[in-house]
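So you can see what is in the structure, the chains are spelled out below.
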Amino acid sequence: MLLTGASRGIGHATVKRFKAEGWRILTVSRQPFAEECLWPEARDSHLQADLADPAAIAPLVAEVRRRLPDGRLHALVNNAGISPKVAGGGRMGLLQTEAATWETVFNVNLFSTAMLARGLFDALKAGQGTIVNVTSIVGSRVHPFAGVAYACSKAALAALTREMAHEFGAHGIRVNAIAPGEIDTAILSPGTEDIIERQIPLRRLGDPAEVAETILFLCSSRSSYINGAEIHINGGQHV
């Protein structure tokens, strides 16, 4: 499988879960290899690429293809995402968001997903693979911490998931999305505890391992007739 945004949080938990199932994993991050990643072959399996740069996609696709010994890719998990903040970590609204910020956010959160899927289509078809796009609860509602560009990019990613499921399904490639809510990672904003009490029926944060479990399910034969779905992982926050 190929996993973007692997360096922390949901991505890191997903690597651990898939490794436990014996998957061979290629990871992508804009950061260099992190020494704290102790799973076997971690260094050799890491690919450094800045998905904010459209010119980085073609070399990344070529390198992934080179590393597929039988030309087959069984899963593509598009987890990379950025959510810029204003000074002090506050929500970046429309009036604070410059054109360059819109471009960067959409390059990482949306356009790279489309171009990776396009570039790796033949390998996914050969492997009868699956694609999982990581959207967000903020793609369908205004959030106190997530900014406007991030929210719009995630809403667009949900639409892209449907389009890809329609187009790729005829080739045996299933495409689904997961929409996490408040997950216990390092990127949580101050004030999240108020959301837990007021908006989440389960009254707790989600664990990255719970998200990873759902990704694994969508990449397995247990979900063989699920295509074009967006699964909410938020403890009921969306109801």
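The structure this text deals with has already been given above.
Here the structure is a predicted model, which is why all the values come from computation and not from measurement.

Here we look at unusual backbone geometry
Consideration 1: A positive phi angle, close to 45°, is found at Q128, a residue other than glycine.
Consideration 2: Position of Q128 relative to the elements: it lies in the loop between helix 5 (121-126) and strand 5 (130-134).
Consideration 3: For Q128, a relative accessible area of 48% corresponds to the partly exposed category.

Concerning the pairing of strand 6 (residues 174-180)
Consecutive side chains along a regular strand alternate between the two faces of the sheet.
Consideration 1: Most of strand 6 is tucked away, with 7 of its 7 residues classed as buried.
Consideration 2: Burial along strand 6 is two-sided: the face carrying R174, N176, I178 and P180 and the face carrying V175, A177 and A179 are both buried.
Consideration 3: Pairing of strand 6 with strand 7 (residues 230-233) involves 4 bridges; the strand directions are parallel. Of the residues in strand 7, the one forming a bridge with I178 is I231.

What to know about the pattern of salt bridges
Consideration 1: Under the defined criterion, the tally for this structure stands at 5 salt bridges.
Consideration 2: One salt bridge in this structure joins R66 and E63, with 2.6 Å as the shortest N-O distance. One end of the pair, R66, and the other, E63, are both in helix 3 (residues 57-66), 3 residues apart, so they sit about a helical turn from each other.
Consideration 3: For R66, a relative accessible area of 59% translates into the label exposed.
Consideration 4: Of the residues examined, E63 reaches a relative accessible area of 21% and is grouped as partly exposed.
Consideration 5: Close ionic contact of E210 with R204 constitutes a salt bridge, the shortest N to O distance being 2.8 Å.
Consideration 6: For E210, a relative accessible area of 34% puts it in the partly exposed group.
Consideration 7: Using a relative accessible area of 40% as the deciding quantity, one classes R204 as partly exposed.
Consideration 8: Taken together, the shared-partner salt bridges connect R17, E21 and E213 into one network.

Rules and cut-offs
- Residues numbered from 1 in each chain as written.
- Predicted model: local features only at pLDDT ≥ 70, side-chain atom pairs only at ≥ 80, totals over all residues.
- Heavy atoms only, no water.
- Helix = DSSP H or I, 4+ residues; strand = E, 2+ residues; numbered from the N terminus.
- Buried < 20%, exposed > 50% of the residue type's maximum accessible area, 1.4 Å probe, protein only.
- Pairing = 2+ DSSP bridges.
- Salt bridge = Lys/Arg side-chain N within 4 Å of Asp/Glu carboxyl O.

Don't take any of this as a statement about function, it's just geometry.
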